[in-house]
Amino acid sequence: MIDTMIGANTVIRGAIIAEETLRIDGAVQGEAISKGAVIVGADGVIEGDVTAESILVAGRVKGNIYVREKTEITADGSVEGDITTKTLVIDEGAAFKGSCYMQVSEVVIENPEVPAVEEKKESDAAKEDKKAS
């Protein structure tokens with residue numbers, strides 16, 4: 001089951017954080033974090049680090065990947081960056097440029113504060129204070 005989907009004609013600039021499975025058929029220019037799986041469709045592109053339970057790359061990832069369980073790069077998939085994972089599957093024809101660290105210990109998946117959101121909240125609060133005076 002896919003909880004969040006970024007469509008083919010959509011570009012996200014900044015961090016995207018999902019509680020469940022995240023499918024990307026468009027482009028993300030920033031960090032992608034999911035407590036579930038991340039699926040990068042054939043036309044999907046992530047330019048930033050990815051942290052997830054598992055990842056399937058059929059498109060392209062340019063950034064480091066931190067996965068608790070399984071990382072899979074399909075025949076048409078491409079990863080440029082380091083991978084930290086428990087299990088790695090690279091299909092024949094896939095592209096991978098980087099280092100791989102396979103470990104049994106868990107990768108911690110947390111929801112970090114997104115600076116742009118916090119800065120906007122502070123900016124909005126300042127505007128409200130000015131209106132009140």
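Reading the values: rules and limits
Residues numbered from 1 in each chain as written. Predicted model: local features only at pLDDT ≥ 70, side-chain atom pairs only at ≥ 80, totals over all residues. Heavy atoms only, no water. Salt bridge = Lys/Arg side-chain N within 4 Å of Asp/Glu carboxyl O. Helix = DSSP H or I, 4+ residues; strand = E, 2+ residues; numbered from the N terminus. Buried < 20%, exposed > 50% of the residue type's maximum accessible area, 1.4 Å probe, protein only. Polar contact = N/O pair within 3.5 Å; in protein donor to acceptor, adjacent residues only side chain to side chain. Pairing = 2+ DSSP bridges. Axes fitted to C-alpha atoms, helices over the stretch in contact; angles between N-to-C directions.

(A) Seen up close, the pattern of salt bridges. According to the stated counting rule, one finds 6 salt bridges in the structure shown. The partner of Glu53 in a salt bridge is Arg68, and the shortest N-O contact between them spans 2.9 Å. One end of the pair, Glu53, is in the loop between strand 9 (50–52) and strand 10 (54–57); the other, Arg68, is in the loop between strand 12 (65–67) and strand 13 (70–73), and 15 residues separate them in sequence. Between Glu72 and Lys70 there is a salt bridge, and its shortest N-O distance comes to 3.8 Å. The partly exposed category is assigned to Lys70, whose relative accessible area is 38%.

(B) Looking closely at the side chain of Ser34. Note that Ser34 resides in strand 6 (residues 32–34). A distance of 3.0 Å separates the side chain of Ser34 from the backbone nitrogen of Gly36, its partner in a polar contact. At a separation of 3.5 Å, a polar atom in the side chain of Ser34 contacts the main-chain carbonyl oxygen of Ala37.

(C) Here's a closer look at the sheet that holds strand 9. Pairing within the open sheet is parallel, and its 6 strands lie in the order 3-6-9-12-15-18. Where the open sheet ends on each side, the last strands, each with one partner, are strand 3 (16–18) and strand 18 (100–102). Averaged over all neighbouring strand pairs, the angle between strand axes comes to 5°, with direction disregarded. In this structure, strand 3 lies alongside strand 6, joined through 3 bridges in parallel fashion. The residue bridging Ile16 from the neighbouring strand is Ala32, located in strand 6.

Such coordinate-based values are descriptive only and should not be taken to indicate function.
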